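What follows is the residue order along each chain.
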Amino acid sequence: AAVRDFDVRAAALPGGRVLVTAEDLTVRRRSEQTRRDFTANVSHELKTPVGAIQLLAETIADNPDDPEMIAHFAPKLRREAERLSVLIQDLIDLSRFQDPEALSTPVLVDIDEVVAVALARQETVAQSSGIELAGPRTPTGAQVWGNRDMLVTAVRNLLDNAVRYSDRGTRVSIGISVEDDLVNISVVDSGIGIPPADQDRIFERFYRVDPARSRNTGGTGLGLSIVKHVASDHGGTVTVWSRPGRGSTFTLVLPQAGEGDAAWSAARADG
Ligand code: ADP
């Protein structure tokens, strides 16, 4: 077992009794370390596009009479600014969804509609990447208790990854099934896949299998950690099945509303 430090305090109570409290410092230090790592990562991730934007803007400003130069650098400038804006949106999502109050007033959410909205919002990106998006064939009527916007964001992040890590001319499909009071939303791609050793770690903030591919396709390294938060806030999980070179399937598993109510409130009480 690991050696642990405790912060032990004692206080005298009336009647000659003593109250002793012990706080496990290992736990406190670990969460402080996680927070420091996160801040360092965020600073690094923000600095990269900001540095590029500064450099590109200076280059353009220094060459006002060179339209070719401007035409070359202006789109790059726009791309870096877009990257910055996606990163900021992901950071906002992450902090909103980490808030224990995020789901203080759950409502009944229609999963067919969540998937339809997420699909519609990813259609343009898929088209420009030459990927066919295929939705569920028939409505399932599945419902869960929770927050619609959080669920749309989670499903969109899974679709966005499936598109970004696939080659042109392939297909990404999403399906919904209900089994044993659980609603499964599966996103299937036949893209590059994920090596087994990385499959546990991809849900960590800023963990990437191939940082260059992630950045080149507009990734922030936060998408799956957002999905994981949304899943656990809803008393559910997100799992991955993948084979390198063959493709990946990400499944969001959520307790179904109705008979799933008990499981859902139990999970909420635990969390
Ligand atoms: P990113 O913005 O880098 O895509 P994510 O948190 O969404 O960040 O994913 C973490 C990492 O997991 C990615 O960098 C990528 O290496 C891997 N990954 C996620 N989804 C897929 C997928 N559908 N196919 C292959 N690799 C994936």
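Since we're looking at a predicted model, the values are computed, not measured.

Student: Summarise helix H6 (residues 223-233); cite the residues concerned and give the values.
Tutor: One turn of the α-helix equals 3.6 residues, which is why residues spaced by three or four share an orientation. Taken across its 11 residues, H6 has 8 buried, putting it largely inside the fold. Along H6, the residues classified as buried are Gly223, Leu224, Ser225, Ile226, Val227, Val230, Ala231 and Asp233.

Student: Can you lay out the packing of aromatic side chains for me, pointing to particular residues and giving the numbers?
Tutor: According to the stated counting rule, one finds 2 aromatic pairs in the structure shown. Ring geometry for phenylalanine 203 versus phenylalanine 250: centroids 6.3 Å apart, planes at 70°, classification edge-to-face. In this pair, phenylalanine 203 is assigned in the loop between strand E7 (182-189) and helix H5 (211-216) and phenylalanine 250 in strand E9 (residues 247-255), connecting sequence segments 47 residues apart. Taken individually, phenylalanine 203 and phenylalanine 250 each receive the classification buried, so the pair is uniform in this respect.

Student: Any details on the confidence of the model for the protein? Residues and values, ideally.
Tutor: Averaged over all residues, the pLDDT of the protein is 91; the fraction at 70 or higher stands at 94%. Model confidence for the complex is summarised by a pTM of 0.84, with the ipTM given as 0.99.

Student: Kindly report on the nonpolar core, identifying the contributing residues and their values.
Tutor: Among the nonpolar cores identified, the biggest contains 47 residues, and Ile111, Leu159, Ile185 and Leu252 are the most heavily contacted of them. Counting only elements with at least two residues in this core, the list comes to helix H2 (67-98), helix H3 (111-128), helix H4 (148-164), strand E6 (171-179), E7, H6 and E9. Among the elements that line this core, the one with the most residues is H4, at 9 residues. Discounting residues that sit within four places of it in the chain, leucine 252 has contacts with Ala154, Val155, Val183, Asn184, Ile185, Val227, Ala231, Thr237 and Val238.

Student: I'd like to hear about the site of the ligand, residue by residue, with values.
Tutor: In the vicinity of the ligand lie 21 residues, with Arg164, Tyr165, Ser214, Thr220 and Gly221 positioned nearest. Here aspartate 189 contributes a side-chain N or O atom positioned 2.9 Å from a nitrogen atom of the ligand. Burial of the ligand by the protein chains amounts to 98% of its free accessible area of 530 Å². For the shell around the ligand, the elements supplying multiple residues, two or more each, are H4, H6 and E9. Top element by residues in the shell around the ligand is H4. It accounts for 3 residues. Class assignment for the residues of the shell around the ligand results in 10 nonpolar, 8 polar and 3 charged.

Student: Explain the sheet that holds E9 to me, and be specific about the residues and the numbers.
Tutor: Taking strand neighbours across the sheet as the criterion, the 5 strands line up as E4-E6-E7-E9-E8 in an open arrangement whose pairing is mixed. Two strands in the sheet have a free side with no partner beyond their single neighbour: strand E4 (132-134) and strand E8 (237-243). Shown here is a sheet whose adjacent strand axes are inclined to one another by a mean of 15°, direction ignored. Pairing of E8 with E9 involves 7 bridges; the strand directions are antiparallel. Residue serine 242 lies in a different strand from E9, and its bridge partner there is serine 248. With respect to the sheet, H3 is in contact with E4, E6, E7 and E9, its orientation differing from that of E6 by roughly 175°.

Student: Tell me what's going on with unusual backbone geometry, and back it up with residues and numbers.
Tutor: Unusually for a residue other than glycine, aspartate 181 sits at a positive phi of about 65°. Structurally, aspartate 181 is set in the loop between E6 and E7. According to the relative accessible area criterion, aspartate 181 is partly exposed, its value standing at 30%. Of note, the phi angle at phenylalanine 206 is positive, near 70°, even though the residue is not glycine. Tracing the sequence through the fold places phenylalanine 206 in the loop between E7 and H5.

Student: Tell me what's going on with empty space enclosed by the protein, and back it up with residues and numbers.
Tutor: The final tally for this structure, using the stated rule, is 1 cavity of 30 Å³ or more. If you add up the space inside the largest cavity, you get close to 50 Å³. Residue lining of the largest cavity: Glu45, Pro49, Arg83, Leu87, Arg208, Gly219 and Thr220, and that is the complete set. Of all the secondary structure elements, the ones that give two or more residues to the lining of the largest cavity are helix H1 (25-62) and H2. Looking at the lining of the largest cavity residue by residue, the class counts come to 2 nonpolar, 2 polar and 3 charged.

Cut-offs used in this document
- Residues numbered from 1 in each chain as written.
- Predicted model: local features only at pLDDT ≥ 70, side-chain atom pairs only at ≥ 80, totals over all residues.
- Heavy atoms only, no water.
- Buried < 20%, exposed > 50% of the residue type's maximum accessible area, 1.4 Å probe, protein only.
- Helix = DSSP H or I, 4+ residues; strand = E, 2+ residues; numbered from the N terminus.
- Phe/Tyr/Trp six-rings, centres within 6.5 Å; stacked < 30°, edge-to-face > 60°.
- pLDDT = per-residue confidence, 0-100.
- Core = buried A, V, L, I, M, F, W, Y, C linked by side-chain atoms within 4.5 Å.
- Contact = heavy atoms within 4.5 Å.
- Near = heavy atom within 4 Å.
- Polar contact = N/O pair within 3.5 Å; in protein donor to acceptor, adjacent residues only side chain to side chain.
- Areas by Shrake-Rupley, 256 points an atom, 1.4 Å probe, with all protein chains shown as cover.
- Nonpolar A, V, L, I, M, F, W, Y, C, P; charged D, E, K, R; others polar.
- Pairing = 2+ DSSP bridges.
- Axes fitted to C-alpha atoms, helices over the stretch in contact; angles between N-to-C directions.
- 1 Å grid on protein atoms, 1.4 Å probe; cavity = no way out; pocket = protein on both sides within 12 Å on 5 of 7 lines; lining within 4 Å.
- Points joined across faces, edges and corners; volume = space filled by probe spheres on them.

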